[in-house]
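Spelled out, the chains give:
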Amino acid sequence: MTNEFQPERPGEPTNLVWNGSSLLTAFDGRGLVSWNQETGEIEQIDLPDRIVRSDLIEVTEEGTQLAFVSSETEIEIFDLSEGYSQPGNYHHVAIYLGNVSSVAYSPDGKLLASGGSDGAINFWDPKTGDPVGQPLLGHNSVILNLAFSPDGAKLASGSCREFHEAGNCAVGEVIIWD
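Residues numbered from 1 in each chain as written. Predicted model: local features only at pLDDT ≥ 70, side-chain atom pairs only at ≥ 80, totals over all residues. Heavy atoms only, no water.

A. Representation of the overall build of the chain within the structure. A tally of helices and strands in the chain yields zero helices and 15 strands. Out of the 178 residues in the chain, the part that is buried amounts to 44%. Restricting the contact set of the chain to residue pairs at least 6 apart, pairs at least 24 apart contribute 36%. Carbon together with sulfur atoms contributes 48% to the accessible area of the chain, which is approximately 9,800 Å² in total. (Helix = DSSP H or I, 4+ residues; strand = E, 2+ residues; numbered from the N terminus. Buried < 20%, exposed > 50% of the residue type's maximum accessible area, 1.4 Å probe, protein only. Contact = heavy atoms within 4.5 Å. Areas by Shrake-Rupley, 256 points an atom, 1.4 Å probe, with all protein chains shown as cover.)

Here's what the structure looks like:
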């Protein structure tokens, strides 16, 4: 069976994140749409006065928090315990000297990792926005991807080690951190 919907959002769908039985879709910096696969209900999610870098959104596995990049240098977190239509309190989590390029929640939702154009990986307490521990340093260029292992004990990070003259990645690298 195939389901299809066309939300009332202009632009390209730039990120898809499953949240339980709902598919959260980001549209080209113009907000988010939640599509419940069980009921067919579609909710438009307007993030107040925020420009979402819509390819960088992440939801905790239990669906209680939504992290998104609100500018090139900031991450914000919304408390979704009251549902999507009325996002609860939000707070800034990180301000970078370089651009934020990736975000990932640990499986238990108690840690948020972020990667930047400086090649560093930082960790944050999503409830308080406070930094946790020291940054991981090992990449020489922008962090492209982050993923926690299912048990949360490891973090994988992807970057580009060498570039073609045109600026495209010639040699990629993945580091698995314990």
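Having put the structure on the table, let's press on.
B. Broad picture of the environment of L137. With respect to the helices and strands, the residue L137 is situated in strand β12 (residues 136-137). Remark: the alpha-carbon pair of L137 and I121, spanning 16 residues in sequence, is separated by 6.7 Å. Once residues lying within four places of it in the same chain are set aside, the contact partners of L137 are A120 and W177.

C. Local environment of the nonpolar core. Grouped together as the largest cluster of nonpolar side chains are 11 residues: V17, L24, A26, L32, I45, I57, V59, L66, F68, F78 and L80. Of all elements in the fold, only β2 (22-27), β5 (57-59) and β6 (65-71) reach the threshold of two or more residues within this core. Residues L56, V69, I77 and L112 belong to the second largest nonpolar core, which totals 10 residues. (Core = buried A, V, L, I, M, F, W, Y, C linked by side-chain atoms within 4.5 Å.)

D. View of the sheet that holds strand β9 (residues 100-105). Spatial ordering of the open sheet is given by β9-β10-β11-β12, a layout of four strands whose pairing is antiparallel. Among the strands making up the open sheet, the edge pair consists of β9 and β12. Strand direction decides the pairing type here: strand β11 (residues 120-124) and β12, joined by two bridges, are antiparallel. Residue A120 lies in a different strand from β12, and its bridge partner there is L137. (Pairing = 2+ DSSP bridges.)

E. Geometry of the side chain of S101. Tracing the backbone shows S101 in strand β9. A distance of 2.5 Å separates a polar atom in the side chain of S101 from the backbone oxygen of I143. (Polar contact = N/O pair within 3.5 Å; in protein donor to acceptor, adjacent residues only side chain to side chain.)

F. The environment of G63, seen in detail. Structurally, G63 is set in the loop between β5 and β6. G63 sits 44 residues away from N19 along the chain, and the two C-alpha atoms are 5.6 Å apart. Once residues within four sequence positions are removed from consideration, G63 is found in contact with N19 and L80.

G. Highlighting the sheet that holds strand β15 (residues 169-177). Read from one edge of the open sheet, three strands run β13-β14-β15, paired in antiparallel fashion. The sheet is open, and its two borders are formed by β13 (143-148) and β15, each paired with just one other strand. Strand after strand, the sheet turns through a mean of 20 degrees between neighbouring axes, direction not considered. In this structure, strand β14 (residues 155-163) lies alongside β15, joined through eight bridges in antiparallel fashion. What sits directly across from S159, in β15, is E173. (Axes fitted to C-alpha atoms, helices over the stretch in contact; angles between N-to-C directions.)

H. Spatial organisation of the pairing of β9. For β9, a buried count of six out of six residues is recorded, marking the element as mostly surrounded by other parts of the structure. Sheet analysis places β9 next to strand β10 (residues 112-116), joined by five bridges and oriented antiparallel. Bridge pairing in β10 links Y105 to L112. Counting the residues between successive antiparallel strands, the hairpin from β9 to β10 contains six residues, one of them, G109, with a positive phi of roughly 75 degrees.

I. Summary view of the confidence of the model for the chain. For the chain, per-residue confidence averages 78 on the pLDDT scale, and 73% of positions sit at 70 or higher. Per-element mean pLDDT across the chain ranges from 59 in strand β8 (residues 90-95) up to 94 in β12. (pLDDT = per-residue confidence, 0-100.)

J. Here's a closer look at the environment of V100. Structurally, V100 can be placed in strand β9. V100 sits in the buried class, given a relative accessible area of 0%. A sequence separation of 14 residues divides V100 from S114, and the C-alpha atoms of the two residues are 7.1 Å apart.

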